[in-house]
Amino acid sequence: MTALPLVTDEPYDLVILGAGCAGLSLAARMAQGDGDLRVAVIDPRTDHGDDRSWSFWHHDHHELRSIVAHEWSGWTYRGLDGRAATHRVPGVTYQYIRGIDFYRWALDAIATDPRITLHLGVGAHELAGVTLDDGGDGVRVTTDAGPVLARRVVDTRPQRTRALLYQCFSGVEIEHGGRLATDADAVGLMTRMRSGAEGLGFVYVLPLSSTRALVEWTRFSPTPLPLDEVAAERDAELAALGLGDAVVVREEQGILPMGRLDAPTAPLAGVALAGNAGGALRDASGYAFLRIQRWATRCAAALARGEAPPAHPREPWVRRQMDRIFLQALRAHPERSADYFLAMATRVPPRRLLRFLTDRASAGDLASIILSLPLLPFLAQLPDRRERLVAAASAAVAQRVAR
Ligand SMILES: Cc1cc2nc3c(=O)[nH]c(=O)nc-3n(C[C@H](O)[C@H](O)[C@H](O)COP(=O)(O)OP(=O)(O)OC[C@H]3O[C@@H](n4cnc5c(N)ncnc54)[C@H](O)[C@@H]3O)c2cc1C
């Protein structure tokens, strides 16, 4: 956090709106790189606490290896009815980074570059195109601290978006005294999985030690659910596991859009959207962390070369269609959602399913996934029905509110 004033006469080369995952990832890569740009990072939050964790599949070596707090060689899918599969892929582990460790890594990197300043407790509001004193194009950002001029802006502020489904989750890290029976070397990726007319629900379990675990209850819903409702369901799951009285160490929660309808569009020249707001979330999974890291590395390199910040790459057509068809099928047959996930987990070879989940699926992988699923319900989803489905969900909400 800098003591320097945010509002200055000289325009910044870059202003980053949001000091969350994407904003800090970019600023840290810029601090580590060769560029010499003057950058301000703005966020209304006043600190960086342990508000979330990020997990992902990776092989051994990568840039953030030193802050991986845990890793597991396996990941389990299990239905409430007992159907189950544990996947392992040699050379790949499921890795876990605590929010607090990531923030510290990024803030330490940023602190080494005096030209990058972090301004917490300051919200950004409107953006407007302007001509700068030197005749160049710029952007004026209205902030709580006054107007800020920039040659370029990367905007990672969360945005409301229409989506086919919303992944609504509420988790707690608990001390359970050894009462939660888990395989120490496998996470429960989707356990106690069940579905009904209201959609899919499952418990995500990361065993952090023999007595500590992160336990999250997740619902896939056609509309965003109130998070206190999701938290109450999570507590009921904990009680069902005999952990109703476990000591809660920290909490994390969120609502992630899956299958967004509107492509992210920057409002002005000179502005790039990034992070979840820029399309970082993978439609079918809600994973974004590694995609954000890859984008941040590319973006810092482009800026150092004097180029405009790149947007997140658009999903390849085939992946977009696969994810859309899958999400439409979950919407059309919510009561069969658990069957679909369990069919993939038990019939698709782990290596193939992992490549699909990590954006590297080959044509053979896609064929294997398609063959694992019931043909007719999925054929019926070939036409793009997203607009109709989302309109129907909005109408149902409006009716509920009116009653
Ligand atoms: C609890 C949780 C757990 C997740 N776990 C995983 C995971 O395990 N693996 C994975 O791949 N993905 C995960 N995700 C998805 C994704 O990786 C995260 O959402 C990630 O934080 C997205 O980064 P972001 O920068 O887009 O958003 P954020 O990290 O939320 O950052 C956005 C920032 O914008 C700031 N902001 C808000 N308003 C303003 C304003 N007016 N002006 C300036 N700044 C503003 C916010 O304060 C925030 O700091 C998770 C998401 C959540 C919510």
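- You'll find the protein entered in an unreviewed UniProt entry as Lycopene beta-cyclase, with Microcella frigidaquae given as the organism.

**Digging into the overall build of the protein**
Consideration 1: Secondary structure assignment for the protein yields 10 helices and 17 strands.
Consideration 2: For the protein, the C-alpha radius of gyration of 22 Å lies close to 22 Å, the compact-globule estimate for 403 residues.
Consideration 3: C-alpha atoms of the protein, sized along the principal axes, occupy 65 × 50 × 50 Å.
Consideration 4: Counting every position in the protein, which comprises 403 residues, the buried fraction comes to 53%.
Consideration 5: Counted over contacts in the protein with a minimum sequence separation of 6, partners at least 24 positions apart contribute 74%.
Consideration 6: Counting every atom, the protein has about 18,000 Å² of accessible surface; 55% of that belongs to carbon and sulfur.
Consideration 7: Across the protein, 46 positive and 47 negative side-chain charges occur, with their mean positions spaced 7 Å apart.

**Section: the domain arrangement of the protein**
Consideration 1: Considered domain by domain, the protein is made up of domain 1 (12-50 + 98-159 + 262-305), domain 2 (162-260) and domain 3 (317-380).
Consideration 2: On a C-alpha basis, the centres of domain 1 and domain 2 stand 30 Å from each other.
Consideration 3: Counting residues at the interface gives 15 residues for domain 1 and 11 residues for domain 2.
Consideration 4: A buried area of about 1,000 Å², summed over both sides, lies between domain 1 and domain 2, and 37% of it is on carbon and sulfur atoms.
Consideration 5: Summed over the shared surface of domain 1 and domain 2, the number is 3 salt bridges.
Consideration 6: With a shortest N-O distance of 3.1 Å, Arg98 and Glu173 are connected by a salt bridge.
Consideration 7: Linking domain 1 with domain 2 are 7 residue pairs in polar contact (both at pLDDT 80 or more), by the criterion used here.
Consideration 8: Class assignment of the residues belonging to the side of domain 1 that touches domain 2 gives a composition of 6 nonpolar, 5 polar and 4 charged.

**As for the site of the ligand**
Consideration 1: Near the ligand, the surroundings consist of 30 residues, among which Ala22, Asp43, Ser55, Asn276 and Ala288 are the closest.
Consideration 2: Between the ligand and the protein, one listed contact pairs a nitrogen atom with a backbone N or O atom of Ser53 at 3.1 Å.
Consideration 3: Coverage of the ligand by the protein amounts to 87% of the 980 Å² it exposes when considered alone.
Consideration 4: Within the residue set of the shell around the ligand, elements represented by two or more residues are helix 1 (21-32), strand 2 (39-43), strand 3 (53-58), strand 16 (247-260) and helix 4 (289-304).

**Concerning the sheet that holds strand 7 (residues 93-98)**
Consideration 1: Pairing in this open sheet of 3 strands is antiparallel, and the strands run 3-7-4 from one edge to the other. Taken across any chain shown, the strands that pair with only one partner, and hence form the sheet edges, are strand 3 and strand 4 (70-72). Shown here is a sheet whose adjacent strand axes are inclined to one another by a mean of 20°, direction ignored.
Consideration 2: With 3 bridges connecting them, strand 4 and strand 7 associate as antiparallel partners. Bridged to His70 within strand 7 is Tyr96.
Consideration 3: The strands touched by helix 4 are strand 3 and strand 7; relative to strand 3, the strand with the most contacts, the crossing angle is about 80°.

**Looking at the state of the cysteines**
Consideration 1: Counted according to the given criterion, the structure contains 0 disulfides.
Consideration 2: Note on Cys21: no disulfide assigned, nearest cysteine sulfur contributed by Cys299 at a separation of 14 Å.
Consideration 3: On the basis of relative accessible area, Cys21 is assigned to the buried category, the value being 12%.
Consideration 4: Relative accessible area serves as the criterion here: at 0%, Cys299 is assigned to the buried category.

**Re the environment of Tyr96**
Consideration 1: In this fold, Tyr96 is placed in strand 7.
Consideration 2: Relative accessible area serves as the criterion here: at 0%, Tyr96 is assigned to the buried category.
Consideration 3: Between the C-alpha atoms of Tyr96 and Pro334, which are 238 residues apart in sequence, the distance is 30 Å.

**Examining unusual backbone geometry**
Consideration 1: The backbone of Arg192 sits at a positive phi, close to 50°, despite the residue not being glycine.
Consideration 2: On the secondary structure map, Arg192 appears in strand 13 (residues 186-196).
Consideration 3: Even without being a glycine, Asp359 presents a positive backbone phi close to 65°.
Consideration 4: Within the fold, Asp359 resides in the loop between helix 7 (350-357) and helix 8 (363-372).

**What about helix 3 (residues 227-240)?**
Consideration 1: For helix 3, built from 14 residues, the straight-helix expectation of 20 Å at 1.5 Å per residue is met to within 8% by its first-to-last C-alpha distance of 20 Å.
Consideration 2: Among all positions in helix 3, only Val230, Ala231, Arg234, Glu237 and Leu238 are buried. Buried residues of helix 3 fall within an arc of 110° about the axis and therefore sit on the same side. Opposite the buried face of helix 3, at more than 90 degrees from it, the exposed residues are Asp228 and Ala240.
Consideration 3: On the buried face of helix 3, the contacting elements are strand 12 (163-175), strand 13, strand 14 (199-207), strand 15 (212-221) and strand 16.

Quick notes on the rules
Residues numbered from 1 in each chain as written. Predicted model: local features only at pLDDT ≥ 70, side-chain atom pairs only at ≥ 80, totals over all residues. Heavy atoms only, no water. Helix = DSSP H or I, 4+ residues; strand = E, 2+ residues; numbered from the N terminus. Rg over C-alpha atoms; globule rule 2.2 N^0.38 Å. Buried < 20%, exposed > 50% of the residue type's maximum accessible area, 1.4 Å probe, protein only. Contact = heavy atoms within 4.5 Å. Areas by Shrake-Rupley, 256 points an atom, 1.4 Å probe, with all protein chains shown as cover. Lys, Arg positive; Asp, Glu negative; His and termini not counted. Charge placed at Lys NZ, Arg CZ, Asp CG, Glu CD. Domains from an automatic or database assignment. Buried area = accessible area lost by both parts, 1.4 Å probe. Salt bridge = Lys/Arg side-chain N within 4 Å of Asp/Glu carboxyl O. Polar contact = N/O pair within 3.5 Å; in protein donor to acceptor, adjacent residues only side chain to side chain. Nonpolar A, V, L, I, M, F, W, Y, C, P; charged D, E, K, R; others polar. Near = heavy atom within 4 Å. Pairing = 2+ DSSP bridges. Axes fitted to C-alpha atoms, helices over the stretch in contact; angles between N-to-C directions. Disulfide = S-S within 2.5 Å. Expected span 1.5 Å × (residues − 1). Arc of directions from axis to C-beta.

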